[in-house]
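# A structural walkthrough
This is what each chain is made of:
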Amino acid sequence: LCPSVLKIDDKIKYIGEFAFYKSDLTLYISAVEPPIIQTNSFYTFKEIHVPAGSLDLYKSANNWSAYGDYMIGDL
């Protein structure tokens, strides 16, 4: 079971398959560089908060681009 709000710090570099499969998840990622994820690391999100200066980087990163509509650059 996964919590509704999840905070991932800048030490996390890789997120494996089926890591977070909760549809109403709000994710906060403090890493400037997007962690490596798989196509099936996540299910879907309510929101993904990333560093403001990294929003475009996350939106264009491999496998992260599928979640671009959920991303907010406000950290």
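Note that the coordinates shown come from a computational prediction; the quantities given were computed from them, not determined experimentally.

Below, the discussion takes up the overall build of the protein chain. If you tally the helices and strands in the protein chain, you get one helix and six strands. Written out in order from the N terminus, the α and β elements of the protein chain read β-β-β-β-β-α-β. The buried share of the protein chain, reckoned over its 75 residues, is 41%. When contacts within the protein chain are restricted to residue pairs at least 6 apart in sequence, those whose partners lie at least 24 apart make up 27%. When the accessible surface of the protein chain is totalled, it reaches about 4500 Å², and 52% of it is carbon and sulfur. Here the protein chain contributes 6 positive and 9 negative side-chain charges, whose respective centroids are spaced 6 Å apart.

Turning next to unusual backbone geometry. Glycine aside, the phi torsion of most residues is negative, and most peptide linkages are trans. The backbone phi angle of Phe18 is positive, close to 55°, even though this residue is not glycine. If you trace the backbone, Phe18 turns up in the loop between strand E2 (14–15) and strand E3 (25–29). For Asn63, which is not a glycine, the phi torsion comes out positive at approximately 75°. Positionally, Asn63 belongs in the loop between helix H1 (55–60) and strand E6 (71–73).

Nonpolar side chains in soluble globular proteins generally cluster together in the buried interior. Core analysis: the largest hydrophobic core is formed by 19 residues, its most contacted members being Leu27, Ile29, Phe42, Ile48, Trp64 and Tyr67. Of all elements in the fold, only strand E1 (5–8), E3, strand E5 (45–50) and H1 reach the threshold of two or more residues within this core. Beyond its immediate sequence surroundings of up to four residues, Tyr67 is in contact with Ile37, Thr39, Phe42, Tyr43, Phe45 and Ile48.

Asn63 sits in the buried class, given a relative accessible area of 19%. Distance in space between the C-alpha atoms of Asn63 and Val5 is 21 Å, their sequence separation being 58 residues.

How each quantity is defined
Residues numbered from 1 in each chain as written. Predicted model: local features only at pLDDT ≥ 70, side-chain atom pairs only at ≥ 80, totals over all residues. Heavy atoms only, no water. Helix = DSSP H or I, 4+ residues; strand = E, 2+ residues; numbered from the N terminus. Buried < 20%, exposed > 50% of the residue type's maximum accessible area, 1.4 Å probe, protein only. Contact = heavy atoms within 4.5 Å. Areas by Shrake-Rupley, 256 points an atom, 1.4 Å probe, with all protein chains shown as cover. Lys, Arg positive; Asp, Glu negative; His and termini not counted. Charge placed at Lys NZ, Arg CZ, Asp CG, Glu CD. Core = buried A, V, L, I, M, F, W, Y, C linked by side-chain atoms within 4.5 Å.

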